[in-house]
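A look at the structure
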Amino acid sequence: MTLRFSRFLSFLFILAFFTPPIHAQVDPQAWLSEVDSLITPREREVFLGLTQDADRQAFIQRFWQVRDPYPETPRNEARERWQERLQEARRRWNDVDDERRRIFLVDGEPDSIFQTRCAGTPVEVWDYQPRFQAKYRVMIVFAGGDGGPAHLWHPGDAPDLTAAAAGPCNGEQTFKDAALWVRLAGRDGYATIVKRALSPARPKEWVSSFQPVAAPARTSRSALPAQLDVAFPGRMGEGLVRVFVAPGQSMAPVSAAPGELIVTGRITQGDATVDSFRYRFDALPTAGGVGAWPVTFERRLQPGRYKLEVELDSEADNSLFVGERELAVPDPGAAAAPVMTAPPDPPVVLPAVVKAPVPEVSPEVKRLFAEADASLAAPRPGLRILASDSRLLAGVQRFEARVDRAAGVGEEGQIERVAFYLDGKQVLTRNRPPYVAQLDLGRAPRPHRLAVEGWNPRGEVLAKDELVLNAGAQRFAVRLMEPHAGAVYQRSVRAEVRVEAPEDRGVERVELYLGDSRVATLYQPPYVQPLLLPQEAKTGYVRAVAYLADGTAAEDLVLLNAPAAADRMDIRLVELYTNVVDAAGRPVEGLGSGELQVFEDGVRQPVRRVERVQDTPLRLVTLIDNSASMQPRLEASRDAGLQFLRRTLRPRDEASVITFNRAPRVAVGLTGDLAALEEGLSGLVAEEETSLYDSLIFSLYYLGGTSGQRAVLLLSDGLDRTSSFRFEDALECARRAGIAVYTIGLDLPHDAAAQRLARLAAETGGRSFFLEGTAELGQAYEEIERDLRSRYRISYQSSNTHPGEAFRAVRVQVARSGLEARTISGYYP
């Protein structure tokens, strides 16, 4: 059986050593030792900088939250799985240096284990067959373990597997396969595989937005009169906890913002911290005659008994409220009677701070939130689209809508029919389960919005769900799921925000606005916030703005109590990144809006703005062919690409390394870390055939969702033999993406392959280079860098009012003679 080297690059990443429940005191070094294989250098740095135990506990809680595969549920499956494997690993291998223990924690139980002894050395081969979301077979070789720890075997260690496979150690096919794999990989290739196998998957970046929860120094803080209470507005068993921190009646009512209020706290169960949180509230006006607006927020917990600790810090008057209480989250198996929280602890006096008693929040306050809670309390059916495992969808695809019946309601409260909508148009209705639709998404992958509605027998919509297809791995979008446009809200609304963030980045915060006033900032999911409306049933709007750690923002807005016919006006400016060169190909500077003319479908457009973009951040993908035909050129290509990145990237720029042969592989995700990019370019091995068009489409998808100057730098010998998509599909995807493609063809004859690469570049505003050998690669990359740093951004509002999504051809002309403008050939509205 022949096993190719690249098929072993799919090692699963190491998760971590399980950390036991977070206790009242955290030993930093002990915890770091437990998660040594999992924690990133940046996470380690931030954790070591924490001085308060409460902050360390909050950090550890968040550390596991970002690794939770299903954060919408109260459980953390990754942590639970880690604990189970750790217990088994400790039972089998007492020595923490035994690397079988580390691999077991990552991959779990292998499908088979082959053991033998060669030249006096015990050898184990762990064999993992292809599994769900794992394409290739994986084998891991260990040596030692006879009375001591086993270690990962490396070429040069005893025994020589290649020789042993043909000798007395040959016991079965698994050992032959392992020996063949080692021989094909070679020493350097094997070292790269082992390094990747022992490198943990990087979570979304989150530590930059981590906010310590420990209270500020309390020596000079005055007591803030307030009261703490909880309620359970959802259905029993959902685990929804509503926390109220209401300013006491002794506080003077305010009609304007009282200043910033910071809420921090945690929820414990025994000695374990199960949740921590931080919120900021601003502009809290009076509402409905209840005095100052009560601060409220929501958490989700599994049924059980907990302790809630909350601090409310008012910077305006340097005062602080500290409160705690026991709470019992209802169990769906318990009686339906209301579950009351345990009596509060007696007040505790801190230096200059009084832990206030916790009387019930007034009935008037709860009445104000009744409107927001009405939909939560009522039983309702569930509806969701089952997502496909594939990232790129084209052609006829099967989609299923899963319906969960609501308990305790009649047929009028159940979903009878499901309607499917593609890009806003109803395409299919299913009157009975299974609710399945076969939808034609077109030949080439492109973004689509798939939505479903569940109707009861009277045609009323009971539930909705929505999914964006082919949106891009770097997509960053915000959507207000509640409130709904066209609905009427009298006193309160429960704002629910859905955030789609790039797969390797974290959300720093979500801000909520009522009109122009920011009212709440949420630093962690769930991004749900009950809001009281300052004026009953008045027209206004709710706006949600989400931020990534680098400051990138996305937002959504929903009108409140507006006429049903009121639509949001969408005025879109078209932006063209354009290069202007003279007859010698040199960039031309100093052009103004009067010297550049834009034509769309042959009609001249009024230019709004022209500006140079030397400092606009770049988002780049270096797409490098590492198929077998690239073998003699691969090392020089890798070095030239690395030099380009070192020379080009500036502090706010980001790049990704994607390699491809039969399939694309993201060697390094989008990052500004040069060290990570260098590591991704090292250790490349040329083998297998070329899927150029598939890989280009994947790269365009990967970069989709980003903004600003974007480009894919494709380096290949251009001989595509195995792609499932065609050149026309790749060109269509590039047109829709609006991303410049720079193509570098190595040792290509001037035939159809070269012509296709040249056309890809020309129609996307890039350039093409055809080189004989690799000696001129450095010069080609220098010209690409100069191109990217000497562009103009031309903005205009299209005068084309024709409906539809037809391609709109674009052309830029320069008023001065002898100058040429190069930009995209057009766009899709």
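Residues numbered from 1 in each chain as written. Predicted model: local features only at pLDDT ≥ 70, side-chain atom pairs only at ≥ 80, totals over all residues. Heavy atoms only, no water.

With that settled, consider the overall build of the chain. Counting its regular elements, the chain contains 14 helices and 42 strands. Relative to its full complement of 829 residues, the chain shows a buried share of 52%. Once local pairs closer than 6 in sequence are excluded, the contacts in the chain between residues at least 24 apart make up 69%. When the accessible surface of the chain is summed, it comes to about 37100 Å², and 49% of that surface belongs to carbon and sulfur atoms. (Helix = DSSP H or I, 4+ residues; strand = E, 2+ residues; numbered from the N terminus. Buried < 20%, exposed > 50% of the residue type's maximum accessible area, 1.4 Å probe, protein only. Contact = heavy atoms within 4.5 Å. Areas by Shrake-Rupley, 256 points an atom, 1.4 Å probe, with all protein chains shown as cover.)

This part covers the nonpolar core. Core analysis: the biggest nonpolar cluster contains 48 residues, and Val245, Val263 and Leu308 have the highest contact counts within it. If you look at the next biggest cluster of nonpolar residues, it comprises 33 residues, including Ile658, Tyr693, Leu731 and Leu748. (Core = buried A, V, L, I, M, F, W, Y, C linked by side-chain atoms within 4.5 Å.)

This next bit is on the packing of helix α4 (residues 77–92) against helix α5 (residues 99–107). Helix-helix packing: each pair is described by the crossing angle between the helix axes and the interaxial distance. Look at α4 against α5: their axes get within 9 Å of each other, and the N-to-C directions meet at 155°. In this view, α4 runs roughly antiparallel relative to α5, as classed from their interaxial angle. Handedness of the α4/α5 crossing: right-handed. Taking contact as the criterion, the partners of Trp82, Arg85, Leu86, Glu88, Ala89, Arg90 and Arg92 in α4 are, on α5, Arg101, Phe104, Leu105, Val106 and Asp107. (Axes fitted to C-alpha atoms, helices over the stretch in contact; angles between N-to-C directions. Parallel < 35°, antiparallel > 145°, perpendicular 65-115°, else oblique. Left-handed = near helix turned anticlockwise from the far one by under 90°.)

Right, let's talk about α4 for a bit. Across its 16 residues, α4 extends 23 Å between first and last C-alpha, which sits within 8% of the 22 Å expected from 1.5 Å per residue. Listed as buried for α4 are Glu77, Ala78, Arg79, Trp82, Arg85, Leu86 and Ala89. (Expected span 1.5 Å × (residues − 1).)

Following proline 433, the chain continues to proline 434 via a peptide bond in cis, the omega torsion being 0°. Residue proline 483 follows glutamate 482 across a cis peptide bond; omega there is 5°. Checked against the element boundaries, proline 483 lands in the loop between β22 (477–482) and β23 (492–500). Of note, aspartate 423 is a non-glycine position whose phi angle comes to about 55°, a positive value. Along the polypeptide, aspartate 423 turns up in the loop between β17 (417–422) and β18 (425–430). Residue aspartate 423 is classed as partly exposed on the basis of its relative accessible area of 32%.

Below, the discussion takes up helix α3 (residues 53–65). Counting along an α-helix, one turn takes 3.6 residues, and residues three or four places apart therefore face a common direction. Relative to the 18 Å expected for 13 residues at 1.5 Å per residue, α3 spans 18 Å between its end C-alpha atoms, a close match to the ideal helical length. Burial of α3 is extensive: eleven of the 13 residues sit out of reach of the surface. If you check which residues of α3 are buried, you get Asp53, Asp55, Arg56, Gln57, Ala58, Phe59, Ile60, Gln61, Arg62, Phe63 and Trp64. For α3, the secondary structure elements touched by its buried residues are α1 (28–34), α2 (41–48), α4, β8 (261–269) and β9 (272–281).

If you trace the four strands from one edge of the open sheet to the other, you get β1-β2-β3-β4, paired in antiparallel fashion. A single partner strand is all that each edge strand has here, and the edge strands are β1 (112–118) and β4 (150–152). Across the sheet, the mean angle from the axis of one strand to that of its neighbour is 30°, orientation sign disregarded. Across three bridges, strand β3 (residues 138–144) lies against β4 in antiparallel orientation. From the neighbouring strand, alanine 143 faces β4, where its bridge partner is histidine 151. Where α5 meets the sheet, it contacts β2 (121–128), β3 and β4, and its direction lies at approximately 5° from that of β2. (Pairing = 2+ DSSP bridges.)

So, on to the sheet that holds strand β20 (residues 448–455). Overall, antiparallel pairing links the four strands, which are arranged β18-β17-β20-β21 in an open sheet. In the strand order of this sheet, the two ends are held by β18 and β21 (461–469), each with one partner. For this sheet, the mean inter-axis angle between neighbouring strands, taken without regard to orientation, is 20°.

A few words now on the pairing of β17. In terms of burial, β17 is a largely internal element, five of the six residues being buried. Note: β17 against β20, six bridges, orientation antiparallel. Residue pairing for β20: valine 418 is matched across the bridge by glycine 454. Counted along the chain from β17 to the antiparallel partner β18, the turn is two residues long, and its residue aspartate 423 has a positive phi close to 55°.

Evaluation of the coordinates by the stated rule reveals 52 salt bridges. With a shortest N-O distance of 3.0 Å, glutamate 466 and arginine 479 are connected by a salt bridge. Of this pair, glutamate 466 sits in strand β21 while arginine 479 sits in strand β22, placing them 13 residues apart in sequence. For glutamate 466, a relative accessible area of 16% corresponds to the buried category. Taken together, the shared-partner salt bridges in this structure form one network comprising Arg280, Asp282, Glu508, Arg509, Glu511 and Arg518. (Salt bridge = Lys/Arg side-chain N within 4 Å of Asp/Glu carboxyl O.)

On to the packing of helix α9 (residues 634–648) against helix α10 (residues 674–681), then. It is the contact of α9 with α10, at a shortest axis distance of 10 Å, that shows an interaxial angle of 170°. The angle between the axes of α9 and α10 places the two elements in the roughly antiparallel class. For the pair formed by α9 and α10, the contact residues are Arg638, Gly641, Leu642, Leu645 and Arg646 on the first element and Leu674, Leu677, Glu678 and Leu681 on the second. Here the contact of α9 with α10 is built from residues that sort into five nonpolar, one polar and three charged. (Nonpolar A, V, L, I, M, F, W, Y, C, P; charged D, E, K, R; others polar.)

It is worth spelling out the side chain of glutamine 709 at this point. By the element assignment, glutamine 709 lies in strand β36 (residues 709–716). Glutamine 709 has contacts with Tyr577, Val613, Thr616, Pro617, Leu618, Arg619, Leu788 and Arg791, leaving out every residue within four places of it along the chain.

Right, let's talk about the packing of aromatic side chains for a bit. Considering all chains together, one arrives at 16 aromatic pairs under this definition. Plain terms: the ring middles of tryptophan 93 and tryptophan 126 are 6.1 Å apart, the flat faces sit at 35° to each other, and that makes the pair tilted. Note that tryptophan 93 is positioned in the loop between α4 and α5 and tryptophan 126 in strand β2, a separation of 33 residues in sequence. In textbook terms, an aromatic cluster arises when at least three aromatic residues are bridged by ring pairs, as seen for Trp31, Phe47, Phe59, Phe63 and Trp64. (Phe/Tyr/Trp six-rings, centres within 6.5 Å; stacked < 30°, edge-to-face > 60°.)

With respect to the helices, strands and loops of the structure, proline 502 is situated in the loop between β23 and β24 (507–514). With 201 residues separating them along the chain, proline 502 and leucine 703 place their C-alpha atoms 10.0 Å apart.

All right, on to the environment of valine 125 then. Residue position: valine 125 is located in strand β2. Since its relative accessible area comes to 0%, valine 125 is described here as buried. Remark: the alpha-carbon pair of valine 125 and alanine 143, spanning 18 residues in sequence, is separated by 9.0 Å.

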